[in-house]
Amino acid sequence: MEQKTTVGKTILNYGALFGIVMVLEFVVGYVMNIDPQTNKTYGLVINLLNFLILPFALGYMASNAFKSNNNGFISIGEAIKITVGMGAIAALIYSIFFWIFTIVFPDFIPELMEKIRSITIQQNPNLSKEQMEMSLSIMEKFMKPYVLIPSSIIMYSFVGLIHGTIVGLIVKKEQATF
C-alpha cells in the first residue's frame, strides 16, 4: 500500500520552495543592481514568474505529488487548498525576508521611494506635489510589516485560488463513492 501524504505537508514543501525562489529573485536583482522600476523588462519577467508561471507550475507539481502519494486521487478542493496554501506560505516567507532586509539595510526604502518619485515625475509631470506626496505615503505604508505581510498573503492566496481552480480541473481524479 502506498504511503499517504497530507495536504499540509505538500503546502509547506512547495510553499517554502516558492518563497525561496522569490527571495532568490530579489537577492539576485539587488546584488546585480537590476532595478524593476527602471528596467521594465526585468520587472515584467519577475511579475510573470511570480504571478503566472511559478504559481501554476508549482501548484501543478504539488497537486500531482499529492495525487501520486494519495493512491492516485485528488479533488478540485484539495488542489485549491494546496495552491492557496502554497501562495500564503510563499508570501509569508518573502514578506518576512523583505522586512528583515529593510532592517538590515535601512536606506533601502528611502532610496526606493526616491527612485519611484523621480520616475513618477518623469511619467506624470503635471502631478501636483500633494498628489505625489499622498501616493508616496500610501506606498510607504504598504511597505510596513503590519501591512506588507497580511496584504502579501491575501494577494498570493487569491492568485493561488485562481491557479488552484485551473490546476484542480486538470488533475482531479476523485474516488468513486458507493
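This text gives an overview of the structure that appears in the document. Worth saying up front: this structure is predicted, and the values here are computed from it rather than measured.

Quick notes on the side chain of Thr 83
Topologically, Thr 83 is positioned in helix H3 (residues 76-104). Given a relative accessible area of 1%, Thr 83 falls into the buried group.

Let's talk about the environment of Leu 49
Here Leu 49 is to be found in helix H2 (residues 40-68). We classify Leu 49 as partly exposed; its relative accessible area is 26%. Between the C-alpha atoms of Leu 49 and Glu 25, which are 24 residues apart in sequence, the distance is 9.7 Å. Contacts of Leu 49, omitting those with residues within four sequence positions, involve Glu 25, Leu 54 and Pro 55.

Side note on a nonpolar patch on the surface
A cluster of nonpolar side chains, contributed by Val 27, Val 28, Tyr 30, Val 31, Met 32, Leu 92, Ile 96, Trp 99, Ile 100, Ile 103, Val 104 and Phe 105, occupies part of the molecular surface with about 1100 Å² of accessible area. When residues of the nonpolar patch are traced back to their parent elements, those giving at least two are helix H1 (7-31) and H3. Counting residues per element, the nonpolar patch draws most heavily on H3, which supplies six residues. Within the fold, Phe 105 resides in the loop between H3 and helix H4 (108-123). With relative accessibility at 37%, the residue Phe 105 sits in the partly exposed group.

Section: the side chain of Thr 102
Inspection of the secondary structure puts Thr 102 in helix H3. Judged by its relative accessible area of 16%, Thr 102 falls in the buried class. Once residues within four sequence positions are removed from consideration, Thr 102 is found in contact with Phe 108 and Ile 109.

Notes on unusual backbone geometry
Most of the time, phi is negative for any residue but glycine, and the peptide bond is trans. The phi dihedral of Asn 33 falls on the positive side, at around 55°, and the residue is not glycine. Within the element layout of this structure, Asn 33 appears in the loop between H1 and H2. On the basis of relative accessibility, which here comes to 63%, the residue Asn 33 falls in the exposed class. The backbone phi angle of Asn 71 is positive, close to 60°, even though this residue is not glycine. Topologically, Asn 71 is positioned in the loop between H2 and H3.

Remarks on the nonpolar core
Judged by nonpolar contacts, the single largest core of 18 residues is most densely connected at Phe 18, Leu 58, Ile 74 and Ile 82. Elements supplying a minimum of two residues to this core: H1, H2, H3 and helix H6 (145-171). Dropping the residues within four chain positions of it, Leu 58 is found in contact with Tyr 14, Leu 17, Phe 18 and Met 86. Counting twelve residues, the second-largest nonpolar core is a separate cluster that includes Phe 26, Leu 112, Met 132 and Leu 148.

What about the packing of aromatic side chains?
Two aromatic rings are characterised by how far apart their centres lie and by the angle between their planes. Applying the stated criterion across every chain, the model contains 17 aromatic pairs. On the basis of an interplanar angle of 80° and a centroid distance of 6.0 Å, the ring pair of Phe 18 and Tyr 156 is categorised as edge-to-face. Of this pair, Phe 18 sits in helix H1 while Tyr 156 sits in helix H6, and the two are 138 residues apart along the sequence. A relative accessible area of 1% means that Phe 18 is categorised as buried. Measuring from ring centre to ring centre gives 6.3 Å for Phe 56 and Tyr 60, while their planes differ by 15°; the resulting arrangement is stacked. Within this pair, Phe 56 and its partner Tyr 60 are both found in helix H2, separated by four residues, close to a single helical turn. Here a set of aromatic residues connected by ring pairs shows up, and it is made of Phe 26, Tyr 30, Tyr 94, Phe 97, Phe 98, Phe 101, Phe 105 and Phe 108.

Here is what the cut-offs are and how they apply
- Residues numbered from 1 in each chain as written.
- Predicted model: local features only at pLDDT ≥ 70, side-chain atom pairs only at ≥ 80, totals over all residues.
- Heavy atoms only, no water.
- Helix = DSSP H or I, 4+ residues; strand = E, 2+ residues; numbered from the N terminus.
- Buried < 20%, exposed > 50% of the residue type's maximum accessible area, 1.4 Å probe, protein only.
- Contact = heavy atoms within 4.5 Å.
- Patch = residues over 30% accessible without salt bridge, like charges linked within 9 Å, V, L, I, M, F, W, Y side chains within 5 Å.
- Areas by Shrake-Rupley, 256 points an atom, 1.4 Å probe, with all protein chains shown as cover.
- Salt bridge = Lys/Arg side-chain N within 4 Å of Asp/Glu carboxyl O.
- Core = buried A, V, L, I, M, F, W, Y, C linked by side-chain atoms within 4.5 Å.
- Phe/Tyr/Trp six-rings, centres within 6.5 Å; stacked < 30°, edge-to-face > 60°.

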